[in-house]
Amino acid sequence: VFWEPPPLSPPLILLIRKALVDRAVGAFTIPKGDVVMVCMPAANKDPAHWSEPEAFRPERFAPGGAEADTWSSRTVEHGANSGQMLSFGGGHHMCTGRRFGFLQVSTIWSILLRDFDLELISPVPEPKYNDMVVGPAGPVQVRYKRKPKKA
């Protein structure tokens, strides 16, 4: 489940790099010194690379899933489908905090789901793309109740 949100709502809007050498990309040449920007939400929803890119389907990254080898959760490298998932950058410039971030999120959610019953009481807001780091455009209201201690 934790691997599914990044393609749907990547944390960054743009991946920005400066070309250090002339680089051919398809029929185009990016001259040395030019700045290249990739729109993460658009790249991560390209139907040429993703089946049902707008759907929330956590099983796609599970072992045996259609996109299971998109990236490796054990290393800082991408998996066999290198370059398709760009939510955390790619190659040598991939976000070094990616694994730590997922470790934090999985730890926090494990504790919350173990100790509390959660109920969403407001509509899920659209992503706010006005800032460099994407967040919700409005409040997310959740009612929580501590679960009884097990004996």
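## A few points about the overall build of the protein chain
Here is step 1 of the chain: When helices and strands are tallied, the protein chain shows 3 helices and 8 strands.
Here is step 2 of the chain: From first element to last, N terminus to C terminus, the protein chain shows the α and β order α-β-β-β-β-α-α-β-β-β-β.
Here is step 3 of the chain: Taking all 151 residues of the protein chain together, the buried fraction comes to 22%.
Here is step 4 of the chain: When contacts within the protein chain are restricted to residue pairs at least 6 apart in sequence, those whose partners lie at least 24 apart make up 49%.
Here is step 5 of the chain: Summed over all atoms, the accessible surface of the protein chain reaches about 10,600 Å², with 61% contributed by carbon and sulfur.

## Quick word on helix 3 (residues 98-115)
Here is step 1 of the chain: The end-to-end C-alpha separation of helix 3 is 26 Å, in line with the 26 Å expected for 18 residues at 1.5 Å each.
Here is step 2 of the chain: For helix 3, the complete set of buried residues consists of Arg98, Phe102 and Ser106. The buried residues of helix 3 occupy one face: seen down the axis, they fall within an arc of 60 degrees. Facing away from the buried surface of helix 3 by more than 90 degrees, the exposed residues are Phe100 and Leu103.

## Concerning the pattern of salt bridges
Here is step 1 of the chain: Counted by the stated rule, this structure contains 2 salt bridges.
Here is step 2 of the chain: A salt bridge links arginine 114 to aspartate 115; the nearest nitrogen and oxygen atoms lie 2.8 Å apart.

## A few points about a nonpolar patch on the surface
Here is step 1 of the chain: Taken together, Val105, Trp109, Leu113, Leu118, Leu120, Val124, Val140, Val142 and Tyr144 make up a surface patch of nonpolar side chains, about 850 Å² in accessible area.
Here is step 2 of the chain: Tallying contributions element by element places helix 3 first for the nonpolar patch, with 3 residues.
Here is step 3 of the chain: Structurally, valine 105 can be placed in helix 3.
Here is step 4 of the chain: Looking at valine 105, the relative accessible area reads 37%, which means it is partly exposed.

## Focus on the packing of aromatic side chains
We describe a pair of aromatic rings using the distance from one ring centre to the other and the angle between the two ring planes.
Here is step 1 of the chain: Counted under the stated rule, the structure contains 1 aromatic pair.
Here is step 2 of the chain: For the ring pair phenylalanine 116 and tyrosine 144, a centre distance of 5.8 Å and an interplane angle of 85 degrees mean the geometry is edge-to-face. With phenylalanine 116 in strand 5 (residues 116-120) and tyrosine 144 in strand 8 (residues 142-146), this pair connects stretches of sequence that are 28 residues apart.

## Points about the side chain of serine 122
Here is step 1 of the chain: One can find serine 122 in the loop between strand 5 and strand 6 (127-128).
Here is step 2 of the chain: Only 2.9 Å separates the side chain of serine 122 from the backbone nitrogen of glutamine 141, close enough to count as a polar contact.

## Here's the deal with the environment of proline 127
Here is step 1 of the chain: Along the chain, the position of proline 127 falls in strand 6.
Here is step 2 of the chain: Among the residues examined, proline 127 registers a relative accessible area of 27% and is labelled partly exposed.
Here is step 3 of the chain: Residues proline 127 and glycine 138, 11 residues apart in the sequence, show an inter-C-alpha distance of 8.6 Å.

## Considering the environment of leucine 118
Here is step 1 of the chain: Mapped onto the elements, leucine 118 comes out in strand 5.
Here is step 2 of the chain: C-alpha separation for the pair leucine 118 and lysine 147, spaced 29 residues apart in sequence, amounts to 9.9 Å.
Here is step 3 of the chain: Beyond its immediate chain neighbours, meaning those up to four positions away, leucine 118 contacts Trp109, Leu113, Val142, Arg143 and Tyr144.

Conventions used here
- Residues numbered from 1 in each chain as written.
- Predicted model: local features only at pLDDT ≥ 70, side-chain atom pairs only at ≥ 80, totals over all residues.
- Heavy atoms only, no water.
- Helix = DSSP H or I, 4+ residues; strand = E, 2+ residues; numbered from the N terminus.
- Buried < 20%, exposed > 50% of the residue type's maximum accessible area, 1.4 Å probe, protein only.
- Contact = heavy atoms within 4.5 Å.
- Areas by Shrake-Rupley, 256 points an atom, 1.4 Å probe, with all protein chains shown as cover.
- Expected span 1.5 Å × (residues − 1).
- Arc of directions from axis to C-beta.
- Salt bridge = Lys/Arg side-chain N within 4 Å of Asp/Glu carboxyl O.
- Patch = residues over 30% accessible without salt bridge, like charges linked within 9 Å, V, L, I, M, F, W, Y side chains within 5 Å.
- Phe/Tyr/Trp six-rings, centres within 6.5 Å; stacked < 30°, edge-to-face > 60°.
- Polar contact = N/O pair within 3.5 Å; in protein donor to acceptor, adjacent residues only side chain to side chain.

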